[in-house]
Amino acid sequence: MKTKIINLFLLSSVLLISCKTEQKEETKLKPHESLTAPTAKKIAEELTAHGDTRIDNYFWMRLSDEQKNAETPDAQTKDVLDYLNAENDYKDAAMKHTDTLQKTLFDEIVGRIKKDESTVPYSYNGYSYYWRFEKGMDYALYCRKKLEDKAKEEIMLNGPEMAEGLNYFGMGARSVSPDNKMISYGIDTVSRRRYTIYFKDLINDKVLSDKLVNTTGSVAWANDNKTVFYTSKDSITLRANKIYKHVLGTDQSQDVLVFDEKDDTFRTFVYKSRSDKYIIIGSDQTLSTEYRYLDADTPNGEWKVIQPREKELEYSVAHFGDHFYIRTNLDAKNFKLVKTPVNATTKDNWVDVIPHRDDILLQGFTAFKNHLVLNERKNGLSTIRVRKWDGNDDHYISFNDPAYYTSTNINMDFDTNIVRYSYSSLTTPSSLIDYNMDTKEQKVLKQQEVLDPNFSKDNYVSERLYATARDGVKVPISLVYKKGTQKNASTPLLLYSYGSYGSSTEPYFSSTRLSLLDRGFVFAMAHIRGGQEMGRYWYEDGKLLKKKNTFTDFIDVGDFLVKEGYTSADHMYAYGGSAGGLLMGAVLNMKPELWNGVVAAVPFVDVVSTMMDETIPLTTFEFDEWGNPKNKEYYEYMKSYSPYDNVEAKEYPNILITTGYWDSQVQYWEPAKWIAKLRELKTDNNLLIMDCDMETGHGGASGRFERYKRTALNYAFMLDLEGINK
């Protein structure tokens, strides 16, 4: 037997020597092929619903918050940590040969960013507010100046000092009291989006003893300058479920509960109207909303409901004069704008201001003394419409790029003819612009600086294309590439999308993306169903029992780009995060051969198990997005596309998965279980790695620059597969 083995080895050697150089190169081991990948232990867990039993061999990876926070890890926690660390070690070893490339990319990306950046100030209540970075600092200084000549800068909050010594530092909302003497601010040091609210006396530069824990991070100030309203979270599910009233100088235990959202499919929030007249509490879920209001001058007064909640009735509220202005879907799939007297707010009193239109989605609005500004979506692109209240003028601000993103910015002044908006396109850096609504004159206040002497927006080309989906629907595509890039079967292309919650994928500029474009990549965005690019129906055609349209649209866009000669399956990559990570997992199962590599960031992949578990953050709140699997029809539909449940013994492309141990949106165990099952079943030798940040959550690292280390890893993963190492 030994002789036979030796002879076979010698024969193989002779055959290899006779091959061409190209063939020899193909047989060389890739770096990861000489490594031993982690193997997760298997403990079969039977999960039964509707007479159907699923076997989950990696269910044991789930830990409770108590286990994660325990000073001494128990056996299960240790096993989980050992596995996550083993995956990180394997990723480091498999990508070791790209360390220089990753550093080059990181330095390049950070090098384009202005280090002493500052925002354009906005004016409110006698002050101008802005934040700025000093060179070398990861966190911002939050500042203001009085609106008077030679006013001195006041540093309200010093981010670098506050973050010192912390592995993670997340700043929540900041709000100044009506008399300008106090500021509230939320801080998250764990990355679970559970903020502690503090208060600072701006006159004496002293932090008060008041501390509000387990909140969403923001407050609404009553006009007495001492009462605030805030939202607390359920300690287990993290659902924002209660509104409390707090009086400065008292302990949180004395706070008064003013609203308890008992329906676990709703979340609640509180804010102050732009007019400063009312405190408004909102409750919403996917298909229904409800608002109540209180005069901000009487914080101990009675709350009044504007319109009681109804299934499939959505509305949002702003105050102007003697009326509430309401954006609603009442008899208006694409939403319309109505108004109603403050003393008669139910829907039978609503009068149309901007009627419903089948071809235009009303996304939002801002009221000024003489003008109404509307954020609309037309032909798949965002637009800004300006209308005089007296009806003498009604026009759109014009934009020239084939694909772009625009939105109104912070507009605190009411008595003005200037609206401030932001604009960006795939080739144009983000700009902040003041627009005169009477003269139509524009002033660019600031454009994002790209610190690269070779950068010019004229060096890049953007296009707007349409792919025909398998059911005949036209799916928009926005793409960008550097001039001179040859588009053919050898061209690397990265296709990105999200496709859930009605969140539109916007064609905006990214200086980070230049690191791919300058190396010959085409970057494309697929505006697939599940978003809201083409109107409300676009969203409704990509959720619940139509969710698979999201996945097939993405695949059909990929097929279209190959057919049109922009790339080929050997050079096409896909990227998506969170619900977009679900998209990645689904298309990997449905058509793995279409991609050379896929990056799935914080991916929602264990759909059935997560939606069956109402203790997990977001679950009950999202039944109208995905469906409730306690209903057999939804259970079977979810199971048919859930990435984790549909991993098969077949070939998959190269895959990079990213996650965070403290993620509150998509718990770390979803991607951890997914990679374990992929390793167990896949039949190829392609690269499969996971980067689990043990210090952060859903949004990744909190530092201004630290987050780009993961971006560099993502880019190096794709560039290395293309043989690009510079």
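Here, every reference points to the structure presented above.
1. Some words on the overall build of the protein
Per the secondary structure count, the protein includes 15 helices and 37 strands. Taking 27 Å as the expected radius of gyration for a compact globule of 726 residues, we find that the protein reaches 27 Å, a close match to that expectation. Along the first, second and third principal axes, the C-alpha atoms of the protein reach 95 × 60 × 55 Å. Split into buried and exposed, the 726 residues of the protein put 56% on the buried side. Once local pairs closer than 6 in sequence are excluded, the contacts in the protein between residues at least 24 apart make up 55%. Summed over its atoms, the accessible surface of the protein is roughly 31,700 Å², and 48% of this surface lies on carbon and sulfur atoms. If the 93 positive side-chain charges of the protein are averaged to one point and the 105 negative ones to another, these points end up 2 Å apart.

2. What to know about the pattern of salt bridges
Using the criterion set out here, one finds 52 salt bridges in the structure. For lysine 41, the salt bridge is made with aspartate 79, and the minimal N-O distance between the two is 2.6 Å. Here lysine 41, found in the loop between helix 2 (21–27) and strand 1 (45–49), pairs with aspartate 79, found in helix 4 (residues 75–94); they are 38 residues apart in sequence, far enough to count as distant. A salt bridge links glutamate 449 to lysine 114, with the nearest nitrogen and oxygen atoms 3.1 Å apart. Here lysine 114 lies in the loop between helix 5 (99–111) and strand 3 (122–124) and glutamate 449 lies in the loop between strand 29 (442–447) and strand 30 (460–468), a separation of 335 residues in the sequence. Residue classification places glutamate 449 among the partly exposed residues on the basis of a relative accessible area of 37%.

3. Section: the side chain of threonine 610
Counting through the fold element by element, threonine 610 comes out in helix 11 (residues 607–612). What makes threonine 610 buried here is its relative accessible area of 7%. In this structure, threonine 610 is in contact with Phe604, Ile616, Thr619 and Glu670, ignoring residues within four places of it in sequence.

4. Here's the deal with the packing of aromatic side chains
Within this structure, the stated rule accounts for 37 aromatic pairs. Note on phenylalanine 399 and tyrosine 404: the rings are 5.0 Å apart at their centroids and 45 degrees apart in plane angle, and the pair reads as tilted. The burial state of phenylalanine 399 is the same as that of tyrosine 404; both residues are buried. Taken together, the ring pairs in this structure connect Phe269, Tyr271, Tyr291, Tyr315 and Trp350 into an aromatic cluster. Across from the ring centre of tryptophan 60, 4.9 Å away, lies the NZ or CZ of lysine 41, which sits over that ring. The ring of tyrosine 396 has lysine 378 lying over it, and the distance from NZ or CZ to the ring centre is 4.6 Å.

5. What about the nonpolar core?
Counting residues in hydrophobic clusters, the biggest one holds 114 residues, and the most contacted among them are Leu84, Phe554, Leu561 and Trp595. If sequence neighbours within four positions are ignored, leucine 561 has contacts with Leu465, Ile477, Leu479, Leu493, Leu495, Ala524, Tyr566 and Thr567.

6. Looking at the sheet that holds strand 15 (residues 278–284)
Spatial ordering of the open sheet is given by 14-15-16-17, a layout of 4 strands whose pairing is antiparallel. The open sheet has two free edges, formed respectively by strand 14 (267–272) and strand 17 (304–305), since each of these has just one partner strand. Here strand 16 (residues 289–295) runs beside strand 17; their pairing, made up of 2 bridges, is antiparallel. Across the sheet, residue arginine 292 finds its bridge partner in strand 17, namely valine 305.

7. Thoughts on helix 10 (residues 579–590)
Spanning 12 residues, helix 10 covers 17 Å between terminal C-alpha atoms, matching the ideal 16 Å at 1.5 Å per step. Of all 12 residues in helix 10, 11 are buried, a share of seventy percent or more.

8. What to know about helix 9 (residues 548–563)
Taking 1.5 Å as the rise per residue, helix 9 with 16 residues should run 22 Å; its terminal C-alpha atoms sit 22 Å apart, in good agreement. Burial within helix 9 is extensive, with 12 of its 16 residues counted as buried. Turning to helix 9, its buried residues are Asn549, Thr550, Phe551, Thr552, Asp553, Phe554, Ile555, Asp556, Val557, Gly558, Phe560 and Leu561. Directly after helix 9, the chain includes glycine 565, whose backbone phi takes a positive value near 85 degrees.

9. Considerations on the packing of helix 5 against helix 15 (residues 708–721)
Between helix 5 and helix 15, whose axes approach to 8 Å, the crossing angle comes to 125 degrees. The angle between helix 5 and helix 15 falls in the class oblique. Between helix 5 and helix 15 lies a crossing of right-handed hand. Of the residues in helix 15, those in contact with Leu101, Gln102, Leu105, Phe106, Ile109 and Val110 of helix 5 are Tyr708, Lys709, Thr711, Ala712, Leu713, Tyr715, Ala716 and Leu719. Split into classes, the residues belonging to the contact of helix 5 with helix 15 amount to 11 nonpolar, 2 polar and 1 charged.

10. Observations concerning unusual backbone geometry
Backbone geometry at aspartate 205 places phi at a positive 55 degrees, although glycine is not the residue there. Inspection of the secondary structure puts aspartate 205 in the loop between strand 9 (195–201) and strand 10 (206–221). Here aspartate 205 falls in the exposed class, since its relative accessible area comes to 55%. Backbone geometry at asparagine 225 places phi at a positive 70 degrees, although glycine is not the residue there. Residue placement: asparagine 225 occurs in the loop between strand 10 and strand 11 (227–233).

11. Some details on the pairing of strand 28 (residues 431–436)
In terms of residue burial, strand 28 counts as a mostly covered element, since 6 of its 6 residues are buried. Here strand 28 shows two buried faces, one formed by Ser431, Ile433 and Tyr435 and the other by Leu432, Asp434 and Asn436. Here strand 27 (residues 418–425) pairs with strand 28 via 6 bridges, running antiparallel. What sits directly across from tyrosine 423, in strand 28, is serine 431. The hairpin turn running from strand 27 into strand 28, its antiparallel successor, is 5 residues long. As defined by bridge partners, strand 28 adjoins strand 29 across 5 bridges and the pair is classed as antiparallel. Across the sheet, the residue bridging to aspartate 434 is lysine 443, located in strand 29. In sequence, strand 28 turns back onto strand 29 through a hairpin of 5 residues, with lysine 440 there showing a positive phi of about 70 degrees.

12. Quick word on the side chain of arginine 679
Mapping arginine 679 onto the fold places it in helix 14 (residues 669–681). Ignoring any residue separated from it by four or fewer positions in sequence, one finds arginine 679 in contact with Ala37, Pro38, Glu87, Tyr90, Leu688 and Ile689.

Rules used throughout
Residues numbered from 1 in each chain as written. Predicted model: local features only at pLDDT ≥ 70, side-chain atom pairs only at ≥ 80, totals over all residues. Heavy atoms only, no water. Helix = DSSP H or I, 4+ residues; strand = E, 2+ residues; numbered from the N terminus. Rg over C-alpha atoms; globule rule 2.2 N^0.38 Å. Buried < 20%, exposed > 50% of the residue type's maximum accessible area, 1.4 Å probe, protein only. Contact = heavy atoms within 4.5 Å. Areas by Shrake-Rupley, 256 points an atom, 1.4 Å probe, with all protein chains shown as cover. Lys, Arg positive; Asp, Glu negative; His and termini not counted. Charge placed at Lys NZ, Arg CZ, Asp CG, Glu CD. Salt bridge = Lys/Arg side-chain N within 4 Å of Asp/Glu carboxyl O. Phe/Tyr/Trp six-rings, centres within 6.5 Å; stacked < 30°, edge-to-face > 60°. Lys NZ or Arg CZ within 6 Å of the ring centre and 35° of its normal. Core = buried A, V, L, I, M, F, W, Y, C linked by side-chain atoms within 4.5 Å. Pairing = 2+ DSSP bridges. Expected span 1.5 Å × (residues − 1). Axes fitted to C-alpha atoms, helices over the stretch in contact; angles between N-to-C directions. Parallel < 35°, antiparallel > 145°, perpendicular 65-115°, else oblique. Left-handed = near helix turned anticlockwise from the far one by under 90°. Nonpolar A, V, L, I, M, F, W, Y, C, P; charged D, E, K, R; others polar.

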